[in-house]
Each structure stands twice: as structure tokens, then as C-alpha cells.
Amino acid sequence: MYKTFWYADWSFPIFVALLSSGIFAGTHMYYVYKIGAFNDVAIVAMLEAGIQGAGYGAAAAFGASFLFARVLEGALVGILDIGGSLQTGLGIGVPAILLASGITAPIENFILSLLTGALLGALVGYAILAIRKLTVGQSNSTFGADIMMGAGNTSGRFLGPLIVLSAASASIPIGIGSTIGAAIFYIWKKPVAGGAILGAMIFGAIFPISLE
Amino acid sequence: MEMIEVAIKSIIIGAFVGVGVGAGAARMFHAPKAQGMGAFRTLGELNACAGDAASHFSFGLGFFFNAWASSVGAGAFTQDVDHRIIPNWAAAVLMRKGKRPEDTLHNPKKMAISGGIIGIIVVAFLNLTASAIPESLQAIAVHVLVPAANLLIDPIMPVIFWLAALDAGKRSGFWGTIFGGAAHLIMGNAVPGVVLGILIGKGVDDSGWTKVTKTLLISVIVLFILSAFFRGFDIQLLESMNMAPPEWLLDFHKLLGLEVK
């Protein structure tokens, strides 16, 4: 099964190229229309600071260091973190470096932005495969991937209770709604997080709180 | 005219992103045999919804309102579009009629197709509706989901990963602690450091101090030094020890385009 297209190593750069192409074009959208960047407000703000003339140093350094860390980590643990590597690294860091050097075409032109993103994504994909070959492929170690998967699964379980707790801090009705939703979902043998959110939303629609 | 341009571009972007995210998320369940992409938190959250369509949908919905608010306010989608909304909604679409996660969520082909469709809808919607989000729902996202997710990322995940490193043996515990502490100081979150610590610890446990594990340790140290420098950690360290940073160091930062206040 792990030799077929959808699971194989060789198809991985194709998926990274597709995703990166879209993310890079998202930065093009932001540059041209001020909407559509695939990142959090704080990180997009660093790029915006550069566009406004305050220097691209912060965005470039932040993006590049994330890209480097995530590519190394992604190859070893088997999961590439797209937030750090592609959304911040390729989507913010690389455009910042390009714009700082006065190269605007790959960001101003939609088609070029798609191609640039795809090319960079493919490079990241191949870099990961190369690191995998040199590390995981050469030894019998999986470098603790099982431990990290276990920890990832455990932390997911915290989400349900956390949502009820922050709902209770938001307002009393929302807290009550969230608690009821979580309890009902638990009895139904459904994940608590889903019920906690739905309950909070229903009660929040009836007893709205202001957006500060 | 601009509306049509934005719509066409959004459809292309949404399809590309959705297919990549969908396939990458499904492949995560086959790591480390297949190389996946997404994030540990995405994997954990997909598992927390346990293959239940309603849970996947409502989890995605909460973050969708947040992404919507952020798009309207700042033109930024939030990272959740790729990390949470597309994977969870793609899973929700596939999970109808009580299908098993093994045949749906874990299948890259099905997730790529369903992710592509969801991607087109979500990206086009976010780019085209620059207003009109119900404020009460926006408030829930800001006051309930965001704090919960922030708590999950810090301190819950660092603690869970750290404890897993401590339980995994002396070497993982030692390197996890060293790099976890350093990562929290330098990067603001301990998880990447603890993960790298487990990598080194387990790598050495399984195969000893080979060329691979030595290279790994050195690259991790270089990585920490570089990101400390680029974030101005060296200057802050000197200042918090009540020492004036030397002029040449400030000049060196300036030379590389990073103004340090």
C-alpha cells in the first residue's frame, strides 16, 4: 500500500507543491486585494509592516527560521507542520525576502505566484525526502515518532474540557450552554469538544455577549 | 470586474490548498511510514472528534467564524483554515452515514477530493464576504474557542509532550528538558524543542552516537542559535542581566536588516 501514488514518498512533493502554490497565491491576494493571506493576524502584520515601508527584516527572519526548523522536524517525525513551514516560511518569509530585494513580479502576478509557490513547495518536499533518506532511512530508529504521536493524541483530549472552561469564563449563559452540550455529547458517546462548542454557540446566540 | 477576478483566483487557490491539505492530513495517520503534513495538533484534534461527523463539523465551524472575523478585520485567514477548518470539514463530509475513519479520514484520495471541494467553498466565501458575520457568533469564537485553543497550545501541549519525553527514557527526558526550556525562552513555545529533544534522545537510544545523530544534534543547536539571534534574544538576554549590549553587536544586527530596539 505504501508504494501506491496516494501513500508513496515520491508523490509527497506533489502535494506540498499544490498546497504551497495556493498559500503563495494567497499572499498575492493579500498584496493586491488586502484579503486572503493564509496566516494569523500577527504574522501577516509583519509582512504588512514591510509593505508599509518599515522594513522586511522581521518577517523574513521569522519566516526563514520557522521554515528551517519545521523542515528538519517534519522529515524526522513524519509530519510536516504546514503552519510554520509553508504558511509562515513560504507564505510570509519568502515573499518578505523577495520584496526586500525589490523582486515584486512573483507576488504581483497571479500565475507567477502559483508557479513560484509550486516550485518552492516541491523543493521543500524533496528536501524532506532527502533528510528522511539520510536519517530515518539509514538507521532502524523512528526517532521517537510513536511517542510524539501518543502525546499529540493525549493533548487532543484536553480540548473538550478546555472549551467548557473558557465558555464558563466568557459568560454564565454561555458556560451553562457549553456544559449541557458537553454532557449530552458525552452520554451520546460523542466527542465532548463538539457538544461544548455547539452548546456555547446556541446559548451565545440567545444571550449575546459584546465583542471587545 | 474585481469581484469576478477574486472569485476565479479563490477557486483555483482553494482547490490547490484543499487537495494538498486533505491528502496531507490523511497521510498523517500513516506516519512515519508515509510522510504526512498538517500538524500534531491537527492530528490530535481530528482524533478528539473521533470520526464523528457532527463533532468534526462543529469544531470546524467554531474556527470558521474566527477565520471569517479575522478575514473581515485584517484580511488574514488565520492558520486555522489549513490546520482545522479544511481537514475537519473534509472529514465531516466523508463521515456521513457512520462510515469508519479507517475508510474515510485515513484515506488520502478521498480526503484530497473532499478537501478540494471544501477548500474552494471556504476560500471563495472568505474572500468574497468581506462583511456580514453575525457579531454574536464572532464573539463566541473570540471569547471561547480562541482562549481554549491558546491554552491547548500553551501550556497544555508543552506539558504533555514534556511528560511524554520524561517517560520515554533518560536521554529523551534530558534533551527534551534542555531544548524544551530553551525553545520556550527563544521561540515562545516549548513544543518544538521538546519534539527535537525526543528525536535526539530516541535516535541515540536506538542507534547510538552515529554520524546521523551527531549531525542532528549539531543542526538543532545551530537552529537554536540562529533563531535566537534573529529574534534579538542575545540583546534581550544582556539587557535583562542589566548589561549594556556592545555597539558592535547592535551594528551586526543592523547589518543583517534587523533593527534591535
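Residues numbered from 1 in each chain as written. Chains lettered and ligands numbered in written order. Predicted model: local features only at pLDDT ≥ 70, side-chain atom pairs only at ≥ 80, totals over all residues. Heavy atoms only, no water.

Looking at an unreviewed UniProt entry, one finds chain B named DUF4311 domain-containing protein, with Shouchella rhizosphaerae as its source organism.

Within an unreviewed UniProt entry, the label attached to chain A reads DUF4310 family protein, and the organism entered is Shouchella clausii.

Overview of the packing of aromatic side chains
Residues and elements named next belong to chain B. Across all of its chains, the model carries 21 aromatic pairs over all chains by this definition. Judged by centre distance (6.0 Å) and plane angle (35 degrees), the rings of Phe64 and Trp68 are tilted. You can see Phe64 and its partner Trp68 sitting in helix H3 (residues 53–74), four residues apart, about one turn around the helix. In this structure, Phe64 and Trp68 share a single accessibility class: buried. Three or more aromatic residues joined by ring pairs form one cluster here, namely Phe57, Phe64, Phe65, Trp68, Trp89 and Phe125. (Phe/Tyr/Trp six-rings, centres within 6.5 Å; stacked < 30°, edge-to-face > 60°. Helix = DSSP H or I, 4+ residues; strand = E, 2+ residues; numbered from the N terminus. Buried < 20%, exposed > 50% of the residue type's maximum accessible area, 1.4 Å probe, protein only.)

Structural notes on the interface of chain B and chain A
Taken together, the contacts link 99 residues of chain B with 101 residues of chain A. For the pair chain B and chain A, the summed buried area comes to about 8400 Å², and 75% of that belongs to carbon and sulfur atoms. At the junction of chain B and chain A, the tally comes to 24 residue pairs in polar contact (both at pLDDT 80 or more). A per-element tally of the side of chain B that touches chain A places helix H6 (residues 135–167) of chain B first, with 19 residues. Residues belonging to the side of chain B that touches chain A are distributed by class as follows: 57 nonpolar, 29 polar and 13 charged. When strand S1 (residues 79–81) of chain A meets strand S1 (residues 36–38) of chain B, the two strands line up parallel, connected through three bridges. The residue of S1(B) that forms the bridge with Asp81(A) is Gly38(B). (Contact = heavy atoms within 4.5 Å. Buried area = accessible area lost by both parts, 1.4 Å probe. Polar contact = N/O pair within 3.5 Å; in protein donor to acceptor, adjacent residues only side chain to side chain. Nonpolar A, V, L, I, M, F, W, Y, C, P; charged D, E, K, R; others polar. Pairing = 2+ DSSP bridges.)

Looking at the packing of helix H7 (residues 145–157) of chain A against H6(B)
Running from N to C, H7(A) and H6(B) cross one another at 140 degrees; their axes reach a closest spacing of 9 Å. By the criterion of interaxial angle, the relationship of H7(A) to H6(B) is oblique. As H7(A) packs across H6(B), the resulting crossing turns out to be right-handed. Contact with H7(A), carried on its side by Ile147(A), Met148(A), Ala151(A), Gly152(A), Thr154(A) and Ser155(A), involves Leu152(B), Met157(B), Ile160(B), Phe161(B) and Ala164(B) of H6(B) and no other residues of that element. (Axes fitted to C-alpha atoms, helices over the stretch in contact; angles between N-to-C directions. Parallel < 35°, antiparallel > 145°, perpendicular 65-115°, else oblique. Left-handed = near helix turned anticlockwise from the far one by under 90°.)

Details of the domain arrangement of chain A
Its domain assignment divides chain A into domain 1 (5–142) and domain 2 (154–206). Relative placement of domain 1 of chain A and domain 2 of chain A: their C-alpha centres are 35 Å apart. (Domains from an automatic or database assignment.)

Details of the packing of helix H1 (residues 12–33) of chain A against helix H2 (residues 41–54) of chain A
All names here are of chain A. For the pair H1 and H2, interaxial distance at closest approach is 12 Å and the crossing angle is 50 degrees. Between H1 and H2, the angle falls in the class oblique. Between H1 and H2 lies a crossing of right-handed hand. Seen from H1, the contacting residues are Thr27, Tyr30 and Tyr31; seen from H2, they are Val44, Leu47, Glu48 and Ile51. Here the residues of the contact of H1 with H2 are counted per class, giving five nonpolar, one polar and one charged.

Here we look at the pattern of salt bridges
Residues and elements named next belong to chain B. All chains considered together, the criterion is met by nine salt bridges over all chains. A salt bridge links Asp80 to Arg84; its shortest N-O distance comes to 2.8 Å. Here Asp80 pairs with Arg84, and both are found in helix H4 (residues 80–94), just four residues apart, close to one helical turn. Asp205 is paired through a salt bridge with Arg171; the nearest N and O atoms lie 2.6 Å apart. You can see Asp205 sitting in helix H8 (residues 191–207) and its partner Arg171 sitting in helix H7 (residues 170–186), a full 34 residues away along the chain. Taking relative accessible area as the criterion, Asp205 reaches 32% and is therefore assigned partly exposed. The structure contains a network of salt bridges with shared partners spanning Glu45, Asp80 and Arg84. (Salt bridge = Lys/Arg side-chain N within 4 Å of Asp/Glu carboxyl O.)

Observations concerning the UniProt feature "transmembrane region" (unreviewed entry) in chain A
All names here are of chain A. Look at the UniProt record and you will see "transmembrane region" (unreviewed entry) annotated at residues 12–33, 53–72, 84–104, 110–131, 158–186 and 192–211. As annotated, residues 110–131 has a helix share of 100% and a strand share of 0%, and its two end C-alpha atoms lie 32 Å apart. A distance of 14 Å separates the end C-alpha atoms of residues 158–186, which is 93% helix and 0% strand. (UniProt positions renumbered as here; feature names shortened; annotations may be inferred.)

Comments concerning the confidence of the model for chain A
Averaged over all residues, the pLDDT of chain A equals 87, while 95% of them reach at least 70. The secondary structure element of chain A with the lowest average pLDDT is H7(A), at 76, and the one with the highest is H1(A), at 96. (pLDDT = per-residue confidence, 0-100.)

Notes on the nonpolar core
Leu86(A), Val124(A), Ile163(A), Met37(B), Val81(B) and Phe224(B) are the most contacted members of the largest nonpolar core, which totals 137 residues. Both domain 1 (5–142) and domain 2 (154–206) of chain A contribute no fewer than three residues apiece to this core. Non-local contacts of Leu86(A), meaning those with residues more than four positions away in its chain, are made with Val16(A), Leu19(A), Ser20(A), Ile23(A), Leu80(A), Asp81(A), Gly91(A), Val124(A) and Met37(B). (Core = buried A, V, L, I, M, F, W, Y, C linked by side-chain atoms within 4.5 Å.)

Quick notes on the side chain of Ser85(A)
Residues and elements named next belong to chain A. Structurally, the position occupied by Ser85 is in helix H4 (residues 82–100). Look at Ser85 and you get buried, because its relative accessible area is 0%. At 2.6 Å, the side chain of Ser85 forms a polar contact with the backbone oxygen of Asp81. Contact partners of Ser85, with chain neighbours within four places excluded, come to Leu67, Arg70, Leu80 and Leu90.

Considering H7(B)
Residues and elements named next belong to chain B. The terminal C-alpha atoms of H7, which comprises 17 residues, lie 24 Å apart, in line with the 24 Å expected from a rise of 1.5 Å per residue. Of the positions making up H7, those classed as buried are Ser172, Gly173, Trp175, Gly176, Phe179, Gly180, Ala183 and Ile186. In the core, the buried residues of H7 are packed alongside H6, H8, helix H9 (211–230) and helix H10 (233–240). Gly188 lies just past H7 and shows a positive phi near 90 degrees. (Expected span 1.5 Å × (residues − 1).)

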